[in-house]
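Here are the chains, one letter per residue:
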Amino acid sequence: MNCDTFLGSNLTEANENFVNWIIKKVGINESSRLLEIGCGRGAYAINISKQTGCSFVGLDILPRFIEEGQDLMKQHGVEDKGKILIGDMTKLSDVVGGQTFTHVLTLGCIFYIHDSMDIFLEQLKEFCEPGAWIVNQDFSRTVSVDKIRPVMRHWRTEDETLETTAYLNKIINLQGASSLRVGSCLKTPSRFKF
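What you see is a predicted model; the values in this text were computed from it and never measured.

Asker: Tell me about the packing of aromatic side chains, and name the residues and values.
Answerer: Applying the stated criterion across every chain, the model contains 2 aromatic pairs. Pairing Phe18 with Trp21 gives two aromatic rings, centres 6.4 Å apart and planes at 5°, and the pair type is stacked. With a gap of 3 residues between them, Phe18 and Trp21 both fall in helix 1 (residues 11–26), about one helical turn apart. Grouping residues by exposure puts Phe18 and Trp21 together as buried. Taken together through their ring pairs, the aromatic side chains of Phe18, Trp21 and Tyr44 make up a single cluster.

Asker: So, helix 1: which residues are in play, and what are the values?
Answerer: Between its terminal C-alpha atoms helix 1 stretches 22 Å, which fits the 22 Å expected from 16 residues at 1.5 Å a residue. By the burial criterion, the buried members of helix 1 are Ala14, Phe18, Val19, Trp21, Ile22, Ile23 and Val26. Just beyond helix 1, the residue with positive phi is Gly27, at close to 65°.

Asker: Kindly report on helix 3 (residues 63–75), identifying the contributing residues and their values.
Answerer: Helix length check: helix 3, at 13 residues, gives a terminal C-alpha distance of 19 Å against a target of 18 Å (1.5 Å per residue), a fit within 8%. Within helix 3, the full set of buried residues consists of Phe65, Ile66, Gly69, Leu72 and Met73. Each buried residue of helix 3 sits inside an arc of 120° when the element is viewed along its axis, so together they form one side. In helix 3, the exposed positions that point more than 90 degrees away from the buried face belong to Glu67, Lys74 and Gln75. If you follow the buried residues of helix 3, they end up packed against helix 2 (43–52), strand 2 (55–60) and strand 3 (82–86). Looking one or two residues past helix 3, Gly77 carries a phi angle of roughly 70°, positive in sign.

Cut-offs and rules
Residues numbered from 1 in each chain as written. Predicted model: local features only at pLDDT ≥ 70, side-chain atom pairs only at ≥ 80, totals over all residues. Heavy atoms only, no water. Phe/Tyr/Trp six-rings, centres within 6.5 Å; stacked < 30°, edge-to-face > 60°. Helix = DSSP H or I, 4+ residues; strand = E, 2+ residues; numbered from the N terminus. Buried < 20%, exposed > 50% of the residue type's maximum accessible area, 1.4 Å probe, protein only. Expected span 1.5 Å × (residues − 1). Arc of directions from axis to C-beta. Contact = heavy atoms within 4.5 Å.

Below you can see the structure in the form of structure tokens.
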């Protein structure tokens, strides 16, 4: 599945289509506990919570996004359903503590840590309920770094950390998770080896 699946007449409609697809594909409902890593203002978690009634935690490293997210939660009437916290996605235990989640979103943020993806997935296990879904929309490359370097100057990452799709799938599979081709969705086993 590619991004054309979610196209709408504008970006707002495309994002709504994407949120609806996530909710249906991974079965988010009122009893779900959602963690959105690299959430920015938390728009996805907030919209999912608004539609389903699920609880959520959003995490981002930029303080201004946290403040904007608090305002967005109030605008959408979900301030009692979740919180948006400042923190580093490579140090989840410092931020989310002993909480566990049924669903995790990593939308467009993992490419910052491709060089330590295995470590990130290993620590993420601690925060996933058995059988949890991880929805990952990520950037990867299918061509040499030299061909994409002009585009990457806009990103906050080093070109050496942008891995190939094949490499990332290998790391995901080595961690014991299975990936579906969307961006990708990972389903953790019910016995939780990850």
